[in-house]
Amino acid sequence: MANLFCGMLGVFFAATGHLDYAAYAVVAGVFFDFFDGFFARMFKVEGELGLQLDSLADVVTSGVVPGMVMFQMLHKLEHWNTGERWVEAGLSWESLSLLPFLGFAITLASAFRLAKFNIDTRQTTSFIGLPTPANALLILSLPLIVQFQDYAIAETLITNTWFLLALTALSCYMLNAEIPLFALKFKSWGLAENKIRYGFLLLAIILLFWLTFAAIPLIIIAYVLISIATRNT
C-alpha cells in the first residue's frame, strides 16, 4: 500500500510537470516494493492477496508514472531548461500533438509484463524481461540528469525526440523480452548464494557515488549484462 501511495504521488507530480518530484516518489515506491516480500516471508504472511496487490501497485508506480513522464518529456521538450525545474504541464488541445502519447506505450508494456509475471511459473526465483521498477528508474532518471547534472553528451541525447522515441520502443521490448535476469530480492543474507547480488549492489553504490543520477542508466545496463553473463552460474 505504501508503494501504491507513492505511485499516486508520482502520478500527481508527473501530471503537473514536476518530474523531479515524480522521480523521488517512484524511488520511494520502489524501496517499499523491494522489501515487501522480504518482510512478508519474515512475518510468515505470504499469500495470494499480497501477490496481486504487489502487481497492482507496480502498475501505477512503475507503469503509469514512467509513461506520464515520457509523455511530458516529449510534449515539453522545447521548454527544457537546464538548471531549472520543468515548466508546469500547461496542456491544451491547441498545443497538443499525437506524438507525446507514444510515451504511454511504456505503461501498456508494463501492465502486460506484470500480468504475464503473475501467471508465469518460470519467474519464481528470477525474472524474464526487465522488471518494471528497473525500467521506471531508468525513465525517471532522464529529467534528473538534465536538470541537476552537467553532462553535455547526456543532455544532447535526452533532449532529442528521436532518442526518446527509440528509448520508449526499447523499454517496451525489454520489459517483455525472453531474457533471463537475476532477481534482486533476498531470501537470505548468505554470501555464497547471493554473491552476484552483493557484487552488483556494490557496483551500483560505487556508480551512484561517482555519477549520481547519471549512474542509473549505467546500472540498468550493467544489470542486464551481468545477468546474461552469469545466466548459467
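Residues numbered from 1 in each chain as written. Predicted model: local features only at pLDDT ≥ 70, side-chain atom pairs only at ≥ 80, totals over all residues. Heavy atoms only, no water.

Looking up the protein in an unreviewed UniProt entry gives the name CDP-diacylglycerol--serine O-phosphatidyltransferase, with the organism given as Leeuwenhoekiella palythoae. Word for word, the UniProt comment on the protein under Sequence similarities (unreviewed entry) is "Belongs to the CDP-alcohol phosphatidyltransferase class-I family." (UniProt positions renumbered as here; feature names shortened; annotations may be inferred.)

Caption draft 1: Structural context of the UniProt feature "transmembrane region" (unreviewed entry) in the protein. Mapped onto this structure's residue numbering, the UniProt feature "transmembrane region" (unreviewed entry) falls at residues 21-43, 95-115, 127-149, 161-186 and 198-226. Secondary structure across residues 127-149 comprises 74% helix and 9% strand; the distance between its end C-alpha atoms is 32 Å. Annotated as 90% helix and 0% strand, the span residues 198-226 places its first and last C-alpha atoms 12 Å apart. (Helix = DSSP H or I, 4+ residues; strand = E, 2+ residues; numbered from the N terminus.)

Caption draft 2: Quick peek at the pattern of salt bridges. Taken as a whole, this structure holds two salt bridges when the rule is applied. When the shortest N-O distance is used, the salt bridge between Arg122 and Asp120 registers 2.9 Å. We classify Arg122 as partly exposed; its relative accessible area is 45%. Ionic pairing is found between Glu178 and Arg122, a salt bridge with its closest N-O pair at 3.0 Å. Highlighted residues: Glu178 in the loop between α7 (161-176) and β2 (180-182) and Arg122 in the loop between α4 (105-119) and β1 (126-128), separated in sequence by 56 residues. Residue classification places Glu178 among the exposed residues on the basis of a relative accessible area of 52%. (Salt bridge = Lys/Arg side-chain N within 4 Å of Asp/Glu carboxyl O. Buried < 20%, exposed > 50% of the residue type's maximum accessible area, 1.4 Å probe, protein only.)

Caption draft 3: Structural view of the packing of aromatic side chains. Considering all chains together, one arrives at 14 aromatic pairs under this definition. Aromatic pair Phe182 and Tyr223: ring centres 4.9 Å apart, planes at 80°, arrangement edge-to-face. Remark: Tyr223 occurs in helix α9 (residues 215-229) and Phe182 occurs in strand β2; sequence separation between them is 41 residues. Both residues of the pair, Phe182 and Tyr223, belong to the buried class. An aromatic cluster of three or more residues is present, and its members are Phe12, Phe13, Tyr21 and Tyr24. (Phe/Tyr/Trp six-rings, centres within 6.5 Å; stacked < 30°, edge-to-face > 60°.)

Caption draft 4: Region of interest: the nonpolar core. Core analysis: the largest hydrophobic core is formed by 46 residues, its most contacted members being Val69, Met70, Met73, Leu130, Ile139 and Leu140. Those elements that provide at least two residues to this core are α2 (19-42), α3 (48-75), α5 (132-148), α7, β2, α8 (195-211) and α9. The contact partners of Ile139, leaving out residues within four places of it in the chain, are Pro66, Val69, Met70, Met73, Ile106 and Leu167. (Core = buried A, V, L, I, M, F, W, Y, C linked by side-chain atoms within 4.5 Å. Contact = heavy atoms within 4.5 Å.)

Caption draft 5: Looking closely at helix α1 (residues 2-15). For α1, built from 14 residues, the straight-helix expectation of 20 Å at 1.5 Å per residue is met to within 8% by its first-to-last C-alpha distance of 20 Å. Two residues or fewer after α1 comes Gly17, characterised by a positive phi angle close to 85°. (Expected span 1.5 Å × (residues − 1).)

Caption draft 6: Up close: the confidence of the model for the protein. Per-chain confidence: the protein averages 87 in pLDDT, with 89% of residues scoring 70 or above. Looking across the protein, the model is least confident in α2, with a mean pLDDT of 87, and most confident in α7, with 97. (pLDDT = per-residue confidence, 0-100.)

Caption draft 7: Summary view of the side chain of Gln149. Within the fold, Gln149 resides in the loop between α5 and α6 (152-158). Engagement of the side chain of Gln149 in a polar contact is seen with the backbone oxygen of Leu211, the distance being 2.8 Å. Here the side chain of Gln149 touches Thr212 through a polar contact of 2.9 Å, side chain to side chain. Among residues more than four places away in sequence, those in contact with Gln149 are Leu144, Leu211, Thr212, Phe213 and Ala214. (Polar contact = N/O pair within 3.5 Å; in protein donor to acceptor, adjacent residues only side chain to side chain.)

Caption draft 8: Representation of the environment of Tyr24 in the model. Assignment of secondary structure puts Tyr24 in helix α2. For Tyr24, a relative accessible area of 37% puts it in the partly exposed group. For Tyr24 and Phe13, which are 11 residues apart along the polypeptide, the C-alpha to C-alpha distance reads 9.8 Å.

Caption draft 9: A look at α7. Between its first and last C-alpha, α7 extends 23 Å over 16 residues, near the 22 Å set by a 1.5 Å rise per residue. Where α7 is concerned, the buried positions are Leu164, Leu165, Leu167, Thr168, Ser171, Cys172, Met174, Leu175 and Asn176. Buried residues in α7 make contact with α3, α4, β1, α5, α6 and α9. N-capping of α7 is provided by Asn160, with a side-chain oxygen placed 2.9 Å from the backbone N of Trp162.

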